[in-house]
Each structure stands twice: as structure tokens, then as C-alpha cells.
Amino acid sequence: MDESELIELVAAAIRNLGFSVAFTWTPGEMGDGEITIGRRGSVETRAFEVKRHLTLSKIDERPGIDPSRTLFMSEYINEKTAAALRRRGVQYADSMGNAYLESDSWIVDVRGRKTPAQGRARSAGYATETLYSPKRAQVIFALLNWPHLMTAPLREVSSVAGVSLGLTQTTISALRNESGLWPDSDTRRQRLIDGWAASFGGLLGPSLRIREFRAEQTERTFGDGYSLSGESAPSLAIRPARIVMYVNDLVPELIMMNRWRADGEPNVFVRRRFWTVPEAATESERPGEAPALIVYADLLSSDDPRVQEAAREYRAGL
């Protein structure tokens, strides 16, 4: 896996422990960023560093590092290393869900996990755990939502999915060779849709978070440049209780125009629009609406019985 994917996997594992996670970093620059984690109203920001194979000696090589204010990320940390790190007060998290996180508001000490805590579909039997990690999920989404990409040049798939060429290639290889889920038959396609959508609410969806707000009203009209999803998708004939919106950039005018507030229980969820619609598919897209797979995944992640029923009906058309 590349650096971005490893960071996203560790972030997903931290979220699985009950934390919110947000980053300030530049993809490709390892260890050059900050991570903000929150739980039960308490939020902390600290530096993070990525060590694929974390040991105390590697930390000792970095004089001046304060382990209590730095979160070290790794692919896997075994129990022996975890115990040593814990004694030194080194805070860490790996892609399997092992973690030591300490602050005035929480202490989390998880050791001994040897399989990924995130990434598996909630319904068994669809693929290995890492297949639906956020960046790979973007590639799978592109292939499923626009099937002509299965025979398109790798560079086009990469551009549509918003990920690197290398990650696009390894994801396609995993679909073809490791998981046996290359969607060139209806059976495999349907299994891949189910696995992808089931993992969306715990992996790709949270990784796209920009901001959340409270709105008194949840109308579907917001002007140009926004893709509505879930129950707020324009093609659905249900009254939305929440707004799910994907944008390239969140502009202040949108917040002010709709009088969204930062306080209160959120019912407006603004996320990053990672995809680029292929030129061959532009005429078939619904203006102001997210692609069908995104709409379905957002419907599926709702706890509202009305929305769950809409998800079942919507699924039949995929």
C-alpha cells in the first residue's frame, strides 16, 4: 500500500475506537502533518509521524520528539513492541486497530489485534479487509458507477477516481487476482456493490468529511456546484431529515445563504467530492445529484426506517 492509503487505514481504525479524526497534511510528505482526534466532546490536536515498522530505536533516532504530543502510525505493532512503547509513553495506532492514546480525557490501550479492525464489509464474504480501504474504495466506485472504465486506460480510471496510478493498478490487481471480484459478470458486480456500500459508512464516507452543521430546514435547492446524496438526492420522493452534500470546496456563501449553524445536533453533512465524471458519461448524470452508488451508500448508512426502505428500493436499480 502507498503512504496515503496507510494513513487512511490507521485513521479508519482510530474511528472504529470511537474517535472523530481529521488531518492537516500534504499527501506524499510522511510525518509532516497534524491529526485532530475527538471523543465525547473533547478534542486534541497533535503531530503525527508514519513508521511502517515502528520500534523504540526508530523513535530514539529522532531527538527532540515528544512522544506524548506525537502520534506514531504503523502498519502493525506486535504485543511486545506495544508494551515497550506503552512503558515509554509513546502514543501510537496501527492499521489493525492496536493503539495507545492518552490525554486528560481518555486512555485507550488496545493490543494483540492481528487482523484489520476496519475495511471488511459488514456482510460477510465479499472480500479481504483492505479491499475497501478509502483510496481503494474510490477506484472500485469508479469502476462500478461507470462500467466502461473497466476497459479504459489506467490513467483515465486514476483521474476519475482521484487516486494515484500506482494505487489504481494495485486495486485492479486485487479485484482480478486476490478477491476474485472483478465485476465482469452480474454476480460479481452485485457482490462488489454490496461489499462496497456496506463499508462506506465506516471507511470512505468518514474520510471525505469536511464540515457538519445544523439547519432548520432541509430543502434540496442550493445553487450550482454541489452534488446532493442520500435522502436529499433530488431524484428521491421522500422528505429529507438531513442534507448530505459533496463539494469541491466549501464556500462561506453557502453557509451564510442557508443559515447553517455550527452548534446543535448536525443534520447537514458536507463531504469532499473526490470523483471526476468521465467525459463519456456527462450527459447521463443528474444535475445536482451525486452518482448512484454514492446515493445508495448514504441511504444505507442512515438509521431512519423511511430511508432504509428507500435504500432497498434504490438498490434494485443498481
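If you're wondering where the values come from, they're calculated on a predicted model, not measured in any experiment.

Asker: Please explain the packing of aromatic side chains as it appears in this structure.
Answerer: A ring pair, where both rings are aromatic, is described by two values, the distance of the centres and the angle of the planes. Under the counting rule described, the total for this entry stands at nine aromatic pairs. With a centroid separation of 5.9 Å and 25 degrees between ring planes, the pair formed by F141 and W196 is classed as stacked. Of this pair, F141 sits in helix α4 (residues 134-145) while W196 sits in helix α7 (residues 186-200), and the two are 55 residues apart along the sequence. The class of F141 is buried, set by a relative accessible area of 0%. Given a relative accessible area of 1%, W196 falls into the buried group.

Asker: Looking at this structure, I do not really get the pattern of salt bridges. What am I missing?
Answerer: Note on pairing: side chains with opposite charge can pair once their charged atoms come close. Applying the stated criterion to the full structure yields 15 salt bridges. Salt-bridge contacts for R261 lead to D263; the nearest nitrogen and oxygen are separated by 3.1 Å. Taken together, the shared-partner salt bridges connect E44, R46 and R69 into one network.

Asker: Even after reading the chapter, I still don't get unusual backbone geometry, so can you show me in this structure?
Answerer: With phi around 55 degrees, R259 is a residue other than glycine that occupies positive phi space. Here R259 falls in the exposed class, since its relative accessible area comes to 70%.

Asker: I'm lost on the packing of α7 against helix α10 (residues 292-300) in this one. Help?
Answerer: In a pair of packed helices, the angle between the axes and the distance between the axes together describe the arrangement. It is at 8 Å that the axes of α7 and α10 come closest, and there the two elements cross at 55 degrees. Here α10 runs oblique to α7, going by the angle between their axes. The handedness of the crossing between α7 and α10 is right-handed. Side by side, α7 and α10 meet where I193, D194, W196, A197, A198 and F200 of the first sit next to L293, I294, Y296, A297, D298 and L300 of the second. Of the residues that constitute the contact of α7 with α10, the class distribution is 10 nonpolar, no polar and two charged.

Asker: What is the right way to read helix α11 (residues 305-315) from this model?
Answerer: Since there are 3.6 residues in each turn of an α-helix, residues three or four apart along the chain are aligned in direction. All buried positions along α11 are accounted for by V307, A310, A311, Y314 and R315. Down the axis, α11 shows its buried residues gathered within 135 degrees of arc, on one side only. Away from the buried face of α11 by more than 90 degrees, exposed residues P305, R312 and E313 are located. For α11, the secondary structure elements touched by its buried residues are α7 and α10. Here α11 starts with a cap whose side-chain oxygen sits 2.9 Å from the backbone nitrogen of R306, and that cap is D304.

Asker: What exactly am I supposed to notice about the pairing of strand β3 (residues 42-50) here?
Answerer: Here is the key point about a regular strand: its side chains alternate between the two faces of the sheet. By the bridge criterion, seven bridges tie strand β2 (residues 33-39) to β3 in an arrangement that is antiparallel. Bridge pairing links I35 to R46 in β3. Pairing geometry for β3 and strand β4 (residues 70-74), over four bridges, is parallel. Opposite E49, over in β4, you have F72 as the bridge partner.

Asker: Hey, could you run me through the nonpolar core in this one?
Answerer: One recurring pattern in soluble globular proteins is that nonpolar side chains are buried together. Membership of the largest hydrophobic core comes to 48 residues, with the highest contact counts inside it found for L143, W196 and I294. In terms of residues, this core owes the most to one element, α4, which gives seven residues. With residues up to four places along the chain from it excluded, the contact list for L143 reads L149, M150, V157, I172, L175 and W182.

Asker: What exactly am I supposed to notice about the confidence of the model for the protein chain here?
Answerer: Note that predicted coordinates carrying low pLDDT should not be read in detail. Predicted confidence across the protein chain gives a mean pLDDT of 83, with 87% of residues reaching 70 or more. Low pLDDT, under 50, characterises residues 117-129; the stretch is placed with 34 contacts to residues that sit more than four places away or in other chains.

Asker: What exactly am I supposed to notice about the environment of V108 here?
Answerer: Positionally, V108 belongs in strand β7 (residues 107-110). With residues near it in sequence (within four places) discarded, V108 still touches L17, F19, R39, A99, Y100 and L101.

Asker: Explain the sheet that holds strand β11 (residues 268-272) to me, please; I cannot follow it from the model alone.
Answerer: Through backbone hydrogen bonds, the strands of a sheet pair up, either in parallel or in antiparallel fashion. Strand order in this open sheet of four strands is β8-β11-β10-β9, and the pairing throughout is mixed. Strands with a single pairing partner mark the edges of an open sheet, and in this sheet they are β8 (209-213) and β9 (226-229). The average undirected angle you get between the axes of adjacent strands in this sheet is 25 degrees. Relative to β11, β8 runs antiparallel, the two being bridged by four bridges. From the neighbouring strand, E212 faces β11, where its bridge partner is F269. Here α10 sits on the sheet in contact with β9, β10 (243-247) and β11, set at roughly 45 degrees to β9.

Thresholds applied
- Residues numbered from 1 in each chain as written.
- Predicted model: local features only at pLDDT ≥ 70, side-chain atom pairs only at ≥ 80, totals over all residues.
- Heavy atoms only, no water.
- Phe/Tyr/Trp six-rings, centres within 6.5 Å; stacked < 30°, edge-to-face > 60°.
- Helix = DSSP H or I, 4+ residues; strand = E, 2+ residues; numbered from the N terminus.
- Buried < 20%, exposed > 50% of the residue type's maximum accessible area, 1.4 Å probe, protein only.
- Salt bridge = Lys/Arg side-chain N within 4 Å of Asp/Glu carboxyl O.
- Axes fitted to C-alpha atoms, helices over the stretch in contact; angles between N-to-C directions.
- Parallel < 35°, antiparallel > 145°, perpendicular 65-115°, else oblique.
- Left-handed = near helix turned anticlockwise from the far one by under 90°.
- Contact = heavy atoms within 4.5 Å.
- Nonpolar A, V, L, I, M, F, W, Y, C, P; charged D, E, K, R; others polar.
- Arc of directions from axis to C-beta.
- Polar contact = N/O pair within 3.5 Å; in protein donor to acceptor, adjacent residues only side chain to side chain.
- Pairing = 2+ DSSP bridges.
- Core = buried A, V, L, I, M, F, W, Y, C linked by side-chain atoms within 4.5 Å.
- pLDDT = per-residue confidence, 0-100.

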